[in-house]
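# Remarks on the overall topology
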Amino acid sequence: MADHGAGPRATANPEIDITDLFAFPSPERPGHLVLIMNAYPFKHIEATRLLFSDAIDYRIRVRPVRIATTGLGAAFAVGDNECFFSFTFVVPKQSDGKLTQTGTCHSPLGDIAVRVGAEDGAHGDGVRVFAGCRLDPFFVDQLFSGGLRMTRKIPKITGVNSVEGQNVLSVVVEVEHAKLFGPDAGPIVAVIAETTTNGSFRARLDRVGRPEIKNFIMMDKAADAVNRDLDIRDLYSEEDGFKLRPDYLGAYRARLNGSMAVYDSLDGKTDWPLDDKGVHPLTEMLLADFLVVDMSKPFDEDGYLEIERAMLRGAPHKTCGGRWLNHDIVDSLLTILINNGNGPRISDGVDQTAVPASRNFPYLSKPNPMPPKLAPLVGIPM
Amino acid sequence: MDAFSSCASPRTTDGTIALSNLEAHIDGLELSRCRGELDSPAWSELIDLITLRAQIRGRIADYERASALAEQCALDAPADGLGLLTRARTRAALHRFDEALADLDSAERFGSPDPEVEAERAAILQAVGRYDEALALRRTAAERRADFESLAGLASLHAELGEITAAETWFDESWRCFRSVSPFPIALLEFQRGHMWLRHGDFKCARQWFEAAWGRLPAYAQAEGHLAEVEYELGERNGAIARLRRLASVADDPDYAVQLARMLAETDHLDEAGMWCEHAEKRYEQIVARHPAAFADHAADFWLSVGNEPQRALSLAKLNLKVRNTPGARALFARAIIACGDMPGTRQRH
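Residues numbered from 1 in each chain as written. Chains lettered and ligands numbered in written order. Predicted model: local features only at pLDDT ≥ 70, side-chain atom pairs only at ≥ 80, totals over all residues. Heavy atoms only, no water.

So, about the overall build of chain B. Check the secondary structure of chain B and you find 18 helices and 0 strands. Principal axes of the C-alpha set define a box for chain B whose edges measure 55 × 45 × 40 Å. Within chain B, the proportion of its 350 residues that are buried is 57%. Contacts spanning at least 24 positions in sequence make up 56% of the contacts within chain B whose residues lie at least 6 apart. For chain B, the accessible surface area stands at approximately 14700 Å², while carbon and sulfur atoms represent 52% of it. One way to put it: in chain B the 41 positive side-chain charges average out to a point 1 Å from where the 55 negative ones average out. (Helix = DSSP H or I, 4+ residues; strand = E, 2+ residues; numbered from the N terminus. Buried < 20%, exposed > 50% of the residue type's maximum accessible area, 1.4 Å probe, protein only. Contact = heavy atoms within 4.5 Å. Areas by Shrake-Rupley, 256 points an atom, 1.4 Å probe, with all protein chains shown as cover. Lys, Arg positive; Asp, Glu negative; His and termini not counted. Charge placed at Lys NZ, Arg CZ, Asp CG, Glu CD.)

Written as structure tokens, this is what we have:
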């Protein structure tokens with residue numbers, strides 16, 4: 001699942017678990033960049049009762065990038081400038097019989113106070129923010145995606161959304177792109193989401209760029225030529241996504257090369273020939289693990305990975321790239337990994353959530369209100 | 001030795017937020033269970049969360065609820081390793097150690113992950129005084145993966161053995177490995193550390209750790225109860241009594257009433273002491289009847305102290321010793337024998 005439970009630490013500590021990152025040009029306000037981070041996935045909690053941690057900094061980082069090289073070995077050049085949107089929350093207060101929580105978005109355009117769950121969000125100079133519980137916009141059939149990894153075959157479709165009705169805690173930013181890096185900066189930005197500790201000692205707890213890098217690709221140990229007994233994902237999540245340390249790069253490369261070669265083999269033909277060192281053509285591109293958005297292009301629902309794939313082909317990209325909420329990244333990614341678009345679309349049979357996202361701020365659908373509150377239970381039920 | 005660690009205290013989610021999320025999670029899972037929507041991992045999650053709430057809130061009703069759910073879960077799916085592992089935890093919580101160990105053997109046969117089973121087994125062996133076996137398992141776990149849980153396990157074992165220096169080292173090490181913001185594991189660790197210093201007779205050190213745990217999680221009843229105990233020993237009697245009055249009036253665990261009665265008696269508030277003593281007696285009679293092994297030690301201690309019925313204490317201390325042959329259980333049994341020798345069959349009340 002996108003980045004749900006992507007590693008032992010996130011599985012054991014759902015409050016730090018970033019499930020998804022989205023970045024796209026605003027469909028309703030051209031020139032504005034929308035950034036969305038979802039965290040804390042849960043199916044069995046009443047939507048209004050879940051609160052953000054006051055010990056976590058929910059942070060979305062943005063840097064300008066440019067296309068450095070194209071063709072095989074295509075790469076981005078990531079700028080040193082960085083803008084970040086850091087959401088912190090305070091201890092909730094009792095109000096009208098319920099807990100009310102507030103927070104602050106620390107943005108490069110100033111701090112913005114936000115009340116959790118306020119539908120209209122809060123405004124600042126050139127920036128609008130939202131924080132609250134929403135319906136998890138991700139959709140996947142885990143029987144399909146997991147079955148594919150376990151059996152090394154393309155399974156039959158059952159078409160059940162494994163996260164149907166699940167809620168998440170979301171932070172949303174809509175910012176005027178021109179105000180981020182000044183007029184001289186190019187139109188392309190790279191985006192990463194992180195949860196870090198919010199004390200004097202700061203530690204990165206989880207980090208997400210593209211969806212399913214950790215789960216679809218890094219979770220599979222069996223095809224790794226170097227580490228076959230290591231869940232490498234916690235190590236990877238601790239890294240600065242804009243600058244991976246050289247210490248573990250070899251291990252990450254080995255994991256991606258082996259895992260993606262397995263995907264490529266599933267239809268019985270090779271669409272991604274490895275080089276003489278066994279390197280998959282997508283490995284370096286995916287290890288530049290951030291969403292890339294070209295703000296000079298209009299909103300496009302299906303831009304996910306289009307910029308990166310065009311770069312690999314040595315062709316100019318046509319869309320804004322990034323990632324839109326309703327885009328079926330499971331089908332897109334599996335199709336790319338298995339046949340590189342040279343065959344039929346590989347589908348898990350789940351094409352949308354029950355309530356797709358809207359094109360209006362805060363974009364994410366309202367949370368599933370269920371389960372409703374229970375009467376208190378005391379002792380052993382009769 | 002500087003008992004209060006020089007390690008920076010990890011910042012964790014505020015106790016109100018964490019407890020609200022925990023309660024909401026439990027309620028949601030309970031509702032899904034009523035609708036028949038829970039799979040095996042979700043059943044175990046529900047039971048573990050209720051047990052966690054029991055540890056924090058100190059509610060016996062929660063331990064009973066977790067136990068009832070775990071028994072039902074294992075009955076419905078007798079070959080589910082996870083269900084058996086979960087039942088082992090709830091049985092161990094109620095001191096049904098032999099049954100818990102048998103569950104762990106079965107869980108292992110039905111495919112529960114070895115490290116999880118071994119961690120539970122180590123905790124039970126430690127609880128029943130089989131320290132060498134527990135230490136071997138704890139060391140293996142720490143060598144396999146030196147993370148927060150495995151190092152905290154080593155710390156708790158050394159603490160129980162009274163090996164303060166080793167325990168402090170491992171407490172610090174486990175703290176350093178903490179990579180989360182949940183207050184629950186850290187508060188539980190701070191409580192264990194306070195308990196170690198309390199047993200060692202260093203009330204100032206104990207107080208620091210109980211205060212740390214209670215400050216992190218203000219709903220942590222056991223931490224506040226022990227904090228009151230050390231405050232009393234340090235001469236802050238009125239504050240300690242006020243804390244215990246509040247705790248005893250809402251708790252279904254009579255331990256707070258016992259401590260309160262003792263303090264009130266020692267400060268010459270005999271009428272109120274007698275009231276709390278009666279309250280504790282009634283409650284112990286109920287819970288010992290339901291869970292004799294789980295409450296034998298505390299009930300024996302009650303009847304040896306303010307309850308003042310040594311014969312009754314002796315039979316419970318004997319049961320406790322049968323369940324777990326630890327130095328503490330042996331000392332309790334010895335106290336009961338001596339008390340019976342001093343005043344056989346007599347009963348004096350405050």
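Attention now moves to the pairing of strand 3 (residues 56-69) of chain A. All names here are of chain A. Buried residues dominate strand 3, accounting for 10 of its 14 residues. The pairing of strand 3 with strand 13 (residues 188-197) spans 9 bridges and is antiparallel. Looking at the pairing, Tyr-58 lines up with Thr-195 of strand 13. Note: strand 3 against strand 5 (residues 83-89), 5 bridges, orientation antiparallel. Bridging from a neighbouring strand, Arg-59 pairs with Ser-86 of strand 5. (Pairing = 2+ DSSP bridges.)

The next point concerns the environment of Thr-267 of chain B. Residue and element names in this part refer to chain B. Along the chain, the position of Thr-267 falls in the loop between helix 14 (255-266) and helix 15 (270-290). C-alpha of Thr-267 to C-alpha of Thr-16: the two residues are 251 residues apart in sequence and 35 Å apart in space. Once residues lying within four places of it in the same chain are set aside, the contact partners of Thr-267 are Tyr-232, Arg-237 and Ile-241. In terms of polar contacts, Thr-267 uses its side chain to reach the side chain of His-269, at 3.0 Å. (Polar contact = N/O pair within 3.5 Å; in protein donor to acceptor, adjacent residues only side chain to side chain.)

Take the side chain of Asp-234 of chain A next. With respect to the element layout, Asp-234 of chain A can be found in helix 5 (residues 233-237). Arg-9 of chain A is the oppositely charged side chain nearest to the buried, salt-bridge-free Asp-234 of chain A, at an N-O distance of 4.3 Å. (Salt bridge = Lys/Arg side-chain N within 4 Å of Asp/Glu carboxyl O.)

A few words on the layout of surface pockets. The computed volume of the second largest pocket comes to approximately 720 Å³. Together, 26 residues line the second largest pocket, and Ala-47, Thr-48, Arg-49, Lys-98 and Leu-99 of chain A are the ones closest to its centre. Residue assignment for the lining of the second largest pocket shows that the elements contributing at least two residues are strand 7 (98-100) and strand 11 (127-135) of chain A together with helix 1 (15-34) of chain B. (1 Å grid on protein atoms, 1.4 Å probe; cavity = no way out; pocket = protein on both sides within 12 Å on 5 of 7 lines; lining within 4 Å. Points joined across faces, edges and corners; volume = space filled by probe spheres on them.)

What the rule picks out here adds up to 21 aromatic pairs over all chains. Aromatic side chains Tyr-284 of chain B and Trp-303 of chain B sit 6.3 Å apart centroid to centroid with 50° between the ring planes, which places their arrangement in the tilted category. One end of the pair, Tyr-284 of chain B, is in helix 15; the other, Trp-303 of chain B, is in helix 16 (residues 292-304), with 19 residues separating them in the sequence. Here Tyr-284 of chain B falls in the buried class, since its relative accessible area comes to 0%. Judged by its relative accessible area of 2%, Trp-303 of chain B is buried. Pairwise contacts between aromatic rings join Phe-24, Phe-299, Trp-324, Phe-361 and Tyr-363 of chain A into one cluster. In this structure, Arg-237 of chain B is placed above the aromatic ring of Tyr-232 of chain B, and the distance from its NZ or CZ to the ring centre is 4.5 Å. (Phe/Tyr/Trp six-rings, centres within 6.5 Å; stacked < 30°, edge-to-face > 60°. Lys NZ or Arg CZ within 6 Å of the ring centre and 35° of its normal.)

Residues and elements named next belong to chain A. If you trace the 5 strands from one edge of the open sheet to the other, you get 1-2-12-11-10, paired in antiparallel fashion. Two strands in the sheet have a free side with no partner beyond their single neighbour: strand 1 (18-25) and strand 10 (122-124). Direction aside, the axes of adjacent strands within the sheet are offset by 15° on average. Here 7 bridges tie strand 1 to strand 2 (residues 32-42), and the two strands are oriented antiparallel to one another. From the neighbouring strand, Pro-25 faces strand 2, where its bridge partner is Leu-33. (Axes fitted to C-alpha atoms, helices over the stretch in contact; angles between N-to-C directions.)

All names here are of chain B. Its 13 residues place the ends of helix 9 (residues 164-176) 18 Å apart at the C-alpha level, agreeing with the 18 Å of an ideal helix rising 1.5 Å per residue. Here helix 9 has its buried residues at Ile-164, Ala-167, Glu-168, Phe-171, Asp-172, Ser-174 and Trp-175. Across the axial projection of helix 9, the buried residues extend over an arc of 165°, all falling on one side. Buried residues along helix 9 sit against helix 8 (148-160), helix 10 (183-200) and helix 11 (203-216). (Expected span 1.5 Å × (residues − 1). Arc of directions from axis to C-beta.)

Taken residue by residue, the interface counts 27 residues in chain B and 33 residues in chain A. For the chain B and chain A pair, buried surface summed over both sides reaches about 2700 Å², with 62% attributable to carbon and sulfur atoms. At the boundary of chain B with chain A, the tally comes to 2 salt bridges. Close ionic contact of Arg-49 of chain A with Asp-27 of chain B constitutes a salt bridge, the shortest N to O distance being 2.8 Å. Applying the counting criterion to the chain B and chain A interface returns 9 residue pairs in polar contact (both at pLDDT 80 or more). Of all the secondary-structure elements, those providing two or more residues to the side of chain B that touches chain A are helix 1 and helix 3 (60-76) of chain B. In terms of residue count, the dominant contributor to the side of chain B that touches chain A is helix 1 of chain B (13 residues). Here the residues of the side of chain B that touches chain A sort into 8 nonpolar, 10 polar and 9 charged. (Buried area = accessible area lost by both parts, 1.4 Å probe. Nonpolar A, V, L, I, M, F, W, Y, C, P; charged D, E, K, R; others polar.)

Here the bond from Phe-361 of chain A into Pro-362 of chain A is cis, since omega is 0°, no more than 30 degrees from zero. Positive phi outside glycine occurs at His-95 of chain B, with the angle close to 60°. As for its placement among the helices and strands, His-95 of chain B is situated in the loop between helix 4 (81-93) and helix 5 (97-109). According to the relative accessible area criterion, His-95 of chain B is buried, its value standing at 14%. A positive phi angle, close to 70°, is found at Asp-268 of chain B, a residue other than glycine. With respect to the secondary-structure elements, Asp-268 of chain B resides in the loop between helix 14 and helix 15. Judged by its relative accessible area of 64%, Asp-268 of chain B falls in the exposed class.

Attention now goes to the domain arrangement of chain B. All names here are of chain B. Partitioning chain B into structural domains gives domain 1 (13-112) and domain 2 (291-350). In total, about 570 Å² of surface goes out of reach between domain 1 and domain 2, with carbon and sulfur atoms giving 69% of it. Its largest share of buried area at the contact with domain 2, domain 1 owes to Leu-94, His-95 and Phe-97, together 73% of the area lost on that side. Run the count over domain 1 and domain 2 and you get 0 salt bridges. At the boundary of domain 1 with domain 2, the tally comes to 2 residue pairs in polar contact (both at pLDDT 80 or more). Looking at the side of domain 1 that touches domain 2 residue by residue, the class counts come to 3 nonpolar, 1 polar and 1 charged. (Domains from an automatic or database assignment.)

Let's shift gears to the environment of Asp-172 of chain B. Residue and element names in this part refer to chain B. Counting through the fold element by element, Asp-172 comes out in helix 9. Asp-172 gets classed as buried once you look at its relative accessible area, which sits at 15%. Remark: the alpha-carbon pair of Asp-172 and Leu-151, spanning 21 residues in sequence, is separated by 9.0 Å.

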